[in-house]
Each structure stands twice: as structure tokens, then as C-alpha cells.
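Breakdown of the fold
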2 protein chains.
Amino acid sequence: MATTQPPLRDGIFPRLLIRRELERVESSIRAQIHAFDPAVEPYVGYICDTPGKRIRPALSILVGGACGGVSVDHIKLGVIVELIHMATLVHDDIIDGAETRRMEPTANAKWGNSLSVLLGDALFSHALTLATDFDSIDICRRVGRAARDVCQGEIIQTQRRFDLTFTKEDYFKVIGMKTGALFAIATGIAATLSGLDEESAERLHAYGMKLGTAYQIYDDCLDLVGSEDRVGKTLRTDLLKGKLTLPILNLLETASESQRIKLNRRILNQEPLDLPVLLGIAEYAGAVESAVDTALRLIDECRDALDLLAPSPYRNALDQIGGYLAGLLQQCRK
Amino acid sequence: MATTQPPLRDGIFPRLLIRRELERVESSIRAQIHAFDPAVEPYVGYICDTPGKRIRPALSILVGGACGGVSVDHIKLGVIVELIHMATLVHDDIIDGAETRRMEPTANAKWGNSLSVLLGDALFSHALTLATDFDSIDICRRVGRAARDVCQGEIIQTQRRFDLTFTKEDYFKVIGMKTGALFAIATGIAATLSGLDEESAERLHAYGMKLGTAYQIYDDCLDLVGSEDRVGKTLRTDLLKGKLTLPILNLLETASESQRIKLNRRILNQEPLDLPVLLGIAEYAGAVESAVDTALRLIDECRDALDLLAPSPYRNALDQIGGYLAGLLQQCRK
């Protein structure tokens, strides 16, 4: 696996190639503010001004570039997918009681839960309305279904908190829905917009699904081993909230019966969880490492789909995203 | 104004004429459960099994009937609009901290706020996905925009709680968005589905908007003067939550300077509000009566739009809805 490039400080993809297109995404996200009532604009504006990595729009743009050229539609697709993502973040922050995101106060920290529930809803319905601009029922349907999957993935995750019968299979289903689905439409619909046949679009959909799944595994490892200062959001919340992520599921899987009983007690314990100790155990047992390996395998698999694209700087960039993500994952190992 | 019929116990429309169509709506709402992941079905099932007045689907059906016949599409439209309505109720109940609705525990009372936020989202995105079945981008767009308006109306309402500069103009804007918008697509899109020209569809859209606005005024009066046992939900919450509804805005408008100061103190006071006293004052000052009159005027206006329909039992029923609602409003007077 080629993981020679050092990971970029705040992203997993080479920004330079698509700098101008990403700027268009950024200004288009900001321009969405004006689709809302003047009384609602300031709230939407706060969310739209919050910087983000814009990974999903970058994927739409790169697939567009690799399939004959980035069009207005690829930019629009990126905006739609990012708006859905932003809406889910607003609701996630309510659910997680998160107070900061990317160093800024969350909407719920600023305006309370009630307004944030509605703000997420408004962003959500606006994104789905925007999808009608494509004049394609098929695309509207794919966007709607992906949005529904994201919500369902989150529901299952919430429902299975502190549930020690939660399996790895359940985990992969949940992260495929909550994260994979949006990555998958970012690349799959981008292919359709470029006029690719259904089979190719499906392969690029699968590329996004696998990359998104690997990305979520990275995010889940980061919650355990990352540095809050560098990541810019509250970490070490998953286990406290009862979310069983891949490293913990790996640990539970390899534990002996007596170890599992100890772990279960620790996880179910409502007293403050001694995370450094648990992390120490997880690393000692190779549970984080094994999660990293799983994500690296997914990255390898997803890169195969790129064979269908003609060589171009965009195809290279899509390939490099895998490399960058792999590099970031490697950092979780130590 | 014809208000001779006694109001039906649990609705504002003649159910007998469209009994079979409403049963189809009901079973179709229940069938939506299967569009969700098995792990999510029980939650969606609980919401879909909760009985509702189904006013919005009834309107779609009646417009269909009055315009040449009720088709599968009119049933589907009713289901979509009702699902959006149900999604907003799930989120409203979180925001209002409501524990019962129609005598049953709310989703938030049963499963907490986090799961209910996501459940509302899933219903929302499913409803918008379902709209793609019509194979009409125009209809998808109208559904998406109405959903966005509902959320925006709720945002403005939430943002302006305890805001004594909230005007009647603001009130009408808010209720037009949060309630009128869905009534309006229930009738307006039903007309489009029946092949009516744009102007006629717009007139029926306006019929729904005005009827929905009158209905919301009735609901707001009911919160002040209704009986919890008969209505089957927690009442007397609007003012406690700082929602300034039409009767209160009327009272503030007619108050003298010294009375307004007293009212403002009462409304802003965080101590328990002496509602029976305030209600007594509102009734004494004719503030509820004046709100009822406003709603009755809207009902008169909306009934005019029905002239464009050929005489039929369905047109009569649409006309009678106004009559029933007017009858219910009259009951708020005393």
C-alpha cells in the first residue's frame, strides 16, 4: 500500500488540484443562506460559515474531473451532500451534548436544543429540495434514500448504546448507513451526472461506501487515541455514551471470559470510566491496530474501483485520498 | 355562514363519504414501516399506529374526488403530507417537552429526546423520498419547499418566544409556514395530480393555506380555552412556553398602556403563570372572540375558491369542512 505522502494537516485529500472548485462549493454553501427566511438566515449562516473538511464535495468534484470534467452539477451535488452532512452534525451534537465542534460552539451550545432540532430539520429539507434542481427523479430518490439511511444508522447506533450484544456485523451496518451512504452518493451520483453507465456508477458508489466506512473507522479510532487540541472537537465521548466502536468490539472479541466480564463491568459502569486504563488495555491487546488493519483493507478494496477511470490527475487524487487516509490511520497505531 | 352541522367529535370533516379512501391512507401509512430497517421498524411503527385526525390526507382525497376521481396518487399524496406532519409532531413534542399526545405517551416520553430527534429525521427523509414516486420534479420541489417552510415557521416561533415585540403580522407569517404550508400542498398538489391547470391548482393551494391558517388559530384558541380530557393532549402550554398566539396578541393590542405593562409582567414572569386569571381577562376583553372572528373570515374566504369545482358530494364536503371548523371555533367563544 502506498502511504508515502505525509497526511495533510486538516484533510485527507489533495486540495490544490481542486482548490477553485472547492471555493465554488464554499461560496455556494454560503449562498444557500438566502434560500431561507430572513429571520432564519442568521442561524443557517452560522452553520454554513463553520469551516468543514468538505470531504464529500471533494469526492463529487474529483469523480466529475475524472469522468470528463467538473460541471455546475458536480458542485451542486457536493453542496447538497454537505448540507445533509451538516444537518446531521447539528442533530448529532444535540444527541451527544457536544459543546464545541471545530473549536467553535455548537448550535445547541449557542441556542439550545429546541432551536437546533428545527435548524437541522430546515437544513435537511432544504438539501432535499435543492436536489430537485437536477430535474432527475432518480437522483432525488437516491439523495432521499441516503438521507433516510443516515438517520436510520444513527437510530440503530443510539438504540444499541450500552448494548453488549452489539456485534461487529451490526457495527459495519450502522457505519455503512450513517457515514458510507453519503460518501457513496457523493461519488455514485457524480458518476451518473457525468453520464457514466449504471454499472460504472454503481462501482463508484461502492468506492464511496467503502471509503466512507474506512473513514468512520478512522474517526472512531481517533475518538479513542486522538488529541483534542489537534482534532478540535470533544473526544473520548463514544464509550462514555455507550457507543461500541470497532476497537472496543475487537477488544471484547479477543478477551477471555474473565476479561470480558471485567470489560463489560467497566463499560456498563455509570461511574466515570477510567479511559486511559481501558485505552492502555486496548492498545496492549492490539484492538486499535486490528481496527486500523480493517480500515486499510477497505481502502485497498475501494481503490480497485478506480481502474474503470481513464488516467488523469483527478483519478490520481482519488487514489491518493486512500493513501492519505491510510497515513492517518497508521498514526492511530502508535 | 352555514354552521348548522354540529361539529363531529374528533374531526372537522365528513368522514363517511371518504371512509374507504381514508382506510387506504391508514393502511398505507402502516405499510411505510416496511421501508425502514427492521431495527428501526418498531419505532416508526409506534408513530404510524398512533391515530390522527388525518385532516391533510382527507383534503387531498376530497380535492381528488371533486376533480374527476380519487386516484392512487391522491392517496399517496395524503400519506406523504401526513408523514411530514407526523415527523414535525415528533420534533414538536421534544421541543415542548410534551408527555402525551392523543392519550398516548409521546416518542420522547417513551425513548428520550435523542432517539426522537432521529426518528423525526427518518420519517422526514422517508416522506421526501416517497414524493419521488410521482415522477414529477415539480411535485418533489413543492413538497420539499413546504417541508422547509414548516421547519422555518417553527424556528421563528421558537426564536420569538417571550418576545413582546412579536406582532400579529409575525404570527400570521409563522402559522402560514408551520401549518398552512402542508394544508396548501395537500389541496394544491392534489389539484395538479388531477390535471388541473396551474391557476386552478394555485387557487386550491390558497384554499388549503387559508383553511390551515384558520385551523391553527382554532388550535391556538383551544390551547387557552379547551378541555384536556376532550382534546387528549396537554393544554395551556403555549403561554408557559412564551408562545404568543392570536388571542394573547389581540389582548395586548387592545390593552391600555398600564394594562400592557401588567400583561407583559405576567407573560415574562418565570413564576407559575396564573392562567385562569389571564384567560378570564382575555375573555372579558373579547380577545378570544376576536381571534375566532379572524378565523371565521379566513374560512369564508377559502370557501370562495371552491367555485371553480363542478358541483359534487366532494365539493360539498370541502365546503362543509369550513362549516365544521367554524362550528368548533364558535365553541371557543363561550
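Residues numbered from 1 in each chain as written. Chains lettered and ligands numbered in written order. Predicted model: local features only at pLDDT ≥ 70, side-chain atom pairs only at ≥ 80, totals over all residues. Heavy atoms only, no water.

In the superposition of chain B on chain A (RMSD 0.0 Å, axial shift 0.0 Å), the rotation amounts to 180°. Overall, the copies show the geometry of a two-fold rotation axis. Considering only C-alpha atoms, the residue of chain B closest to the rotation axis is I137 of chain B, which sits at 3.1 Å. The share of interface residues of chain B whose copies in chain A are also at the interface is 100%, consistent with both copies meeting through the same surface. (Least-squares fit on C-alpha atoms with pLDDT ≥ 70 in both. Contact = heavy atoms within 4.5 Å.)

This part takes up the interface of chain B and chain A. If you look at the interface, chain B gives 40 residues, while chain A gives 40 residues. Together chain B and chain A conceal approximately 3,700 Å² of surface at their shared face, both sides included; 68% is due to carbon and sulfur atoms. On the chain B side of the interface with chain A, the three residues burying the most area are L118, R148 and I155 of chain B, jointly 17% of the side's total. For the interface between chain B and chain A, the tally reads four salt bridges. Between D135 of chain A and R141 of chain B there is a salt bridge, and its shortest N-O distance comes to 3.7 Å. Linking chain B with chain A are 16 residue pairs in polar contact (both at pLDDT 80 or more). Residue classes in the side of chain B that touches chain A are distributed as 20 nonpolar, eleven polar and nine charged. (Buried area = accessible area lost by both parts, 1.4 Å probe. Salt bridge = Lys/Arg side-chain N within 4 Å of Asp/Glu carboxyl O. Polar contact = N/O pair within 3.5 Å; in protein donor to acceptor, adjacent residues only side chain to side chain. Nonpolar A, V, L, I, M, F, W, Y, C, P; charged D, E, K, R; others polar.)

Turning our eyes to something else, we now look at the packing of aromatic side chains. Enumeration according to the criterion identifies ten aromatic pairs over all chains in this entry. With a centroid separation of 5.6 Å and 35° between ring planes, the pair formed by F183 of chain B and Y215 of chain B is classed as tilted. Of this pair, F183 of chain B sits in helix 7 (residues 168-193) while Y215 of chain B sits in helix 8 (residues 198-225), and the two are 32 residues apart along the sequence. F183 of chain B gets classed as buried once you look at its relative accessible area, which sits at 0%. Taking the relative accessible area as the measure of exposure, Y215 of chain B reaches 8% and is therefore buried. Among the aromatic side chains, those forming a connected cluster through ring pairs are Y43, Y46 and W111 of chain A. (Phe/Tyr/Trp six-rings, centres within 6.5 Å; stacked < 30°, edge-to-face > 60°. Helix = DSSP H or I, 4+ residues; strand = E, 2+ residues; numbered from the N terminus. Buried < 20%, exposed > 50% of the residue type's maximum accessible area, 1.4 Å probe, protein only.)

All names here are of chain B. The phi torsion at R54 lies on the positive side, around 55°, for a residue other than glycine. Taking the relative accessible area as the measure of exposure, R54 reaches 4% and is therefore buried. Positioned with a positive phi, F162 is a non-glycine residue whose angle comes to about 60°. Locating F162 in the fold gives a position in the loop between helix 6 (137-159) and helix 7.

All names here are of chain A. Counting through the fold element by element, R160 comes out in the loop between helix 6 (137-159) and helix 7 (168-193). Judged by its relative accessible area of 18%, R160 is buried. The residues contacting R160, other than those within four sequence positions of it, are T165, F166, D170 and G242.

Residue and element names in this part refer to chain A. Applying the stated criterion across every chain, the model contains 38 salt bridges over all chains. Between R101 and D93 there is a salt bridge, with the nearest N and O atoms lying 2.8 Å from each other. Judged by its relative accessible area of 21%, R101 is partly exposed. Residue D93 is classed as buried on the basis of its relative accessible area of 6%. Between K243 and D238 there is a salt bridge; the shortest N-O distance is 3.6 Å. A relative accessible area of 11% means that K243 is categorised as buried.

Its 18 residues place the ends of helix 13 (residues 287-304) of chain B 27 Å apart at the C-alpha level, agreeing with the 26 Å of an ideal helix rising 1.5 Å per residue. Looking only at helix 13 of chain B, the buried set comprises A287, V288, A291, V292, T294, A295, L296, L298, I299, C302 and R303 of chain B. (Expected span 1.5 Å × (residues − 1).)

With that settled, consider helix 7 of chain B. All names here are of chain B. Under the 1.5 Å per step criterion, the end-to-end length of helix 7 is 35 Å for 26 residues, consistent within 8% with the ideal 38 Å. Of all the bends in helix 7, the greatest, near 50°, is centred on G180. Of all 26 residues in helix 7, 19 are buried; the element is thus mostly enclosed. Once helix 7 ends, the next one or two residues include G195, with phi positive near 85°. (Bend = angle between axes of the 7 residues up to and from the residue.)

The next thing to look at is the packing of helix 6 of chain A against helix 7 of chain A. Residues and elements named next belong to chain A. In contact at an axis separation of 7 Å, helix 6 and helix 7 are set at 165° when each is read in the N-to-C sense. The angle between helix 6 and helix 7 places the two elements in the roughly antiparallel class. Considering how the two elements wind past one another, helix 6 and helix 7 form a crossing that is left-handed. Contacts from I139, R142, V143, A146, D149, V150, Q152, G153, E154, I156 and Q157 of helix 6 reach helix 7 at K173, V174, M177, K178, A181, L182, I185, G188, I189, T192 and L193. Taken together, the residues of the contact of helix 6 with helix 7 break down into twelve nonpolar, five polar and five charged. (Axes fitted to C-alpha atoms, helices over the stretch in contact; angles between N-to-C directions. Parallel < 35°, antiparallel > 145°, perpendicular 65-115°, else oblique. Left-handed = near helix turned anticlockwise from the far one by under 90°.)

This next bit is on the nonpolar core. Residues Y207 and L318 of chain A together with Y207 and L318 of chain B are the most contacted members of the largest nonpolar core, which totals 227 residues. Dropping the residues within four chain positions of it, Y207 of chain B is found in contact with L59, T187, C302, A305, L306, L318 and I321 of chain B. (Core = buried A, V, L, I, M, F, W, Y, C linked by side-chain atoms within 4.5 Å.)

Moving on to the packing of helix 5 (residues 107-130) of chain A against helix 6 of chain B. Packing of helix 5 of chain A against helix 6 of chain B leaves a shortest axis separation of 8 Å and a crossing angle of 160°. Between helix 5 of chain A and helix 6 of chain B, the crossing angle belongs to the class labelled roughly antiparallel. Remark: the crossing between helix 5 of chain A and helix 6 of chain B carries left-handed chirality. Together, S114, L115, L118, L119, D121, A122, S125, H126 and T129 of chain A of helix 5 of chain A and R141, G144, R145, A147, R148, C151, E154, I155, T158 and Q159 of chain B of helix 6 of chain B make up the contact between the two elements. Residue composition of the contact of helix 5 of chain A with helix 6 of chain B, by class: seven nonpolar, seven polar and five charged.

Residues and elements named next belong to chain A. With 93% of its residues at a pLDDT of at least 70, chain A reaches an overall mean of 90. Note that residues 1-10 has pLDDT below 50 and, in this model, 21 contacts with residues that lie over four places away or in other chains. Predicted complex, confidence summary: ipTM 0.88, pTM 0.91. (pLDDT = per-residue confidence, 0-100.)

This part takes up a negative patch on the surface. Residues D197, E198, E199 and E202 of chain A make up a contiguous surface patch of negative charge. Tracing the backbone shows E202 of chain A in helix 8 (residues 198-225). (Patch = residues over 30% accessible without salt bridge, like charges linked within 9 Å, V, L, I, M, F, W, Y side chains within 5 Å. Areas by Shrake-Rupley, 256 points an atom, 1.4 Å probe, with all protein chains shown as cover. Lys, Arg positive; Asp, Glu negative; His and termini not counted. Charge placed at Lys NZ, Arg CZ, Asp CG, Glu CD.)

Time to look at the environment of G144 of chain B. Residues and elements named next belong to chain B. Along the chain, the position of G144 falls in helix 6. Assessed through its relative accessible area of 3%, G144 is described here as buried. Spatially, the C-alpha atoms of G144 and R297 are 29 Å apart, while their sequence positions differ by 153 residues.

Glancing now at the state of the cysteines. All told, the structure shown has zero disulfides over all chains when counted by the stated rule. A disulfide-free cysteine, C48 of chain B has its sulfur positioned 15 Å from the sulfur of C151 of chain A, the nearest such atom. Judged by relative accessible area, C48 of chain B falls into the buried class, the value being 0%. This cysteine, C140 of chain B, is not joined by any disulfide, and C140 of chain A carries the nearest cysteine sulfur, 4.9 Å off. (Disulfide = S-S within 2.5 Å.)

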